[in-house]
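Close look at the chain arrangement
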Amino acid sequence: MTHRGSLTIRRASLVDPDAENVRENTRIRVEDGIVVEVGPDPGGPVSSAEVDAAGLYALPGLIDCHVHVIAHTVDEYALTMEPPSYVTARAAVELRAMLGRGFTTVRDMAGADHGLVRAVAEGVLPGPRLFAGGKALSQTGGHGDLRPAGQNVHDTHYWTPGLGRVCDGVAEVRRAVRDEIRRGAAHIKLMLSGGCSSPTDRIGSLQFSEEEIAAAVEEAAAAGVYCAGHAYTSAAVERALRLGVRTIEHGNLIDESVPALFAEHDAFYVPTLITYTALAEDGAAHGLSPESRAKTLEVLDGGLHALELADRAGAPIAFGTDLLGPLRTRQSEEFRVRAQVQTSGAILRSATTVAARLLGQEGRLGVIAPQAHADIVLTRHDPLSDITRLAEPAEEIALVIQSGTPTAR
């Protein structure tokens, strides 16, 4: 992630997601990758060294709070048997593609490690700013345990590509949390219910005991990080929030009793709706097993209803996609899916200011303001008027700027 000395954007229409307004004819000045001034454009000719954004809208760099940058295949079990070098090379391709879609920051929710974080931060790999949690923690037979029922051996070598690691009992959970943090995890992901891709569990199962979850939360808090929880049902989500889990991923099957709990516990909800549509439509063609497809259909219809409940209750909702393999090209379609139940302003905030708060980067990410990282997306239309245009980034996005550097698309 390289920084250029200075950059000036002229004549832009500046989009403010929180105020839901647009300031026309704005100048944005950047020094060393940081915004130093935002104000009225002074007029006069635009020099060749400046970016002329006349007729374009400047919005903060987009943030996806649920991605898997190493998951180049829908078959998560097959991923565990591939060479790490190959998986890294494929991750590099996806990181560049995400940046081209306007996502200047992403939170990896299982699989990416400190090596990828470092490579992006040093500019070795072009890609979004990366917040990674290492491997997700799973109980035996849980959502992160991808062994078929007939397989006994689990390869515990950490550098085996894959999204999860298995641990059982309070002592093992504590050790696993400490080890992920030692390896640079920005958060700890816990598999707290069944999932679509895991072969031996049920969607509605509760995973990890309350004592194990509490131990993980305690260890994470002691190190200054937080726990995220994969959970679908009201029972799994309520238990997670009560025990201190800070973000809930998916939550497709929650009922009316749950949304108010997010504000009560200062937690965030991260729906990932496009992944279910994509898996239902195209998953089988890319290696999704019939069993996993059946579980996908089980949660598909509930996703929009859960999002509507959470939006109506005023829960903090962040943007996430959770796509795997070739389906990751559909990342931006999440904007279109959410627009069925949310306003354009609410969806844009979910991918900017709300996501920045989730990451502990309020004022640094998700805004175009002095002292913020100069992550800026120039679009051809006002996203506050119609957020669904962002679902077609090739047509809608004119330029992506990350840390003050225009990126190749």
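The name given to the protein chain in an unreviewed UniProt entry is Peptidase M38, and the organism recorded there is Actinoallomurus iriomotensis.

Some words on the pattern of salt bridges
Taken as a whole, this structure holds 28 salt bridges when the rule is applied. With its nearest N and O atoms 3.0 Å apart, the salt bridge here joins E210 to R242. In this pair, E210 sits in helix α5 (residues 210-222) while R242 sits in helix α6 (residues 234-242), placing the two residues 32 residues apart along the sequence. Taking relative accessible area as the criterion, E210 reaches 31% and is therefore assigned partly exposed.

Overview of the environment of A280
When you line up the elements, A280 lands in helix α8 (residues 273-283). By relative accessible area, which is 11% here, A280 ends up buried. Through-space distance from the C-alpha of A280 to that of A221 is 37 Å; in sequence the pair is 59 residues apart. Excluding residues that lie within four positions of it along the chain, A280 makes contacts with R293, T296, L297 and L300.

A short note on the sheet that holds strand β7 (residues 103-108)
Spatial strand order, β6-β7-β8: 3 strands in an open sheet with parallel pairing. Two strands bound the open sheet, and with one partner strand each, they are β6 (62-67) and β8 (129-132). For this sheet the average axis-to-axis angle between neighbouring strands, irrespective of direction, equals 15 degrees. Two elements, β6 and β7, share 4 bridges in a ladder whose sense is parallel. Bridge assignment links V67 to a residue of β7, and that residue is D108.

Side note on the nonpolar core
Core analysis: the largest hydrophobic core is formed by 46 residues, its most contacted members being I188, L190, V245 and F262. Every element with two or more residues in this core is listed here: α4 (169-182), β11 (188-191), α5, β12 (227-233), α6, α7 (260-264), α8 and α10 (302-313). The residues contacting F262, other than those within four sequence positions of it, are V237, L241, I248, A267, F268, Y269, A315 and P316. In terms of nonpolar packing, the next biggest core, distinct from the first, is built from 36 residues, A91, L95, A112 and A136 among them.

Observations regarding unusual backbone geometry
Even without a glycine there, the phi angle at E20 is positive, about 55 degrees. Mapped onto the elements of the fold, E20 is located in the loop between β1 (6-16) and β2 (21-31). Overall, E20 belongs to the partly exposed group, its relative accessible area being 42%. Even without being glycine, Q371 reaches a positive phi, approximately 85 degrees. A residue is classified by how much of its surface remains accessible, and Q371, at 54% relative accessible area, is exposed.

Let's talk about the packing of α4 against α5
Contact geometry of α4 with α5 gives a least axis separation of 9 Å together with a crossing angle of 30 degrees. As judged from the angle between their axes, α4 and α5 are roughly parallel. For the crossing formed where α4 meets α5, the hand is right-handed. Mapping the contact onto sequence places G169, V170, V173, R174, V177, R178 and I181 in α4 and E211, E212, A215, A216, E218, E219 and A220 in α5. For the contact of α4 with α5, the residue count by class is 7 nonpolar, 1 polar and 6 charged.

Regarding the packing of α8 against helix α9 (residues 290-300)
Helix packing for two helices is described by the angle between their axes and how far apart those axes are. Running from N to C, α8 and α9 cross one another at 135 degrees; their axes reach a closest spacing of 9 Å. With respect to α9, the element α8 is oriented oblique. In the crossing of α8 with α9, the sense of the turn from one axis to the other is left-handed. Contact residues: Y276, T277, L279 and A280 in α8; R293, T296, L297, V299 and L300 in α9. The residue makeup of the contact of α8 with α9, split by class, is 6 nonpolar, 2 polar and 1 charged.

Quick notes on empty space enclosed by the protein
To find leftover empty space, one rolls a probe the size of a water molecule over the atoms. Evaluation of the coordinates by the stated rule reveals 3 cavities of 30 Å³ or more. Of the voids in this model, the largest cavity is the one considered here, and its volume is about 200 Å³. Taken together, 19 residues make up the lining of the largest cavity; nearest its centre are E76, H143, S197, D322 and L324. By residue number, the principal contributor to the lining of the largest cavity is α8, which donates 3 residues. The class makeup of the residues in the lining of the largest cavity is 8 nonpolar, 8 polar and 3 charged. Taken as a whole, the second largest cavity holds about 40 Å³ of empty space. Surrounding the second largest cavity, A112, D113, H114, A132, G133, G134, Y158, E180, R183, G184 and A185 form its lining. When the residues that make up the lining of the second largest cavity are grouped by side-chain class, the tally is 4 nonpolar, 4 polar and 3 charged.

Parameters and conventions
Residues numbered from 1 in each chain as written. Predicted model: local features only at pLDDT ≥ 70, side-chain atom pairs only at ≥ 80, totals over all residues. Heavy atoms only, no water. Salt bridge = Lys/Arg side-chain N within 4 Å of Asp/Glu carboxyl O. Helix = DSSP H or I, 4+ residues; strand = E, 2+ residues; numbered from the N terminus. Buried < 20%, exposed > 50% of the residue type's maximum accessible area, 1.4 Å probe, protein only. Contact = heavy atoms within 4.5 Å. Pairing = 2+ DSSP bridges. Axes fitted to C-alpha atoms, helices over the stretch in contact; angles between N-to-C directions. Core = buried A, V, L, I, M, F, W, Y, C linked by side-chain atoms within 4.5 Å. Parallel < 35°, antiparallel > 145°, perpendicular 65-115°, else oblique. Left-handed = near helix turned anticlockwise from the far one by under 90°. Nonpolar A, V, L, I, M, F, W, Y, C, P; charged D, E, K, R; others polar. 1 Å grid on protein atoms, 1.4 Å probe; cavity = no way out; pocket = protein on both sides within 12 Å on 5 of 7 lines; lining within 4 Å. Points joined across faces, edges and corners; volume = space filled by probe spheres on them.

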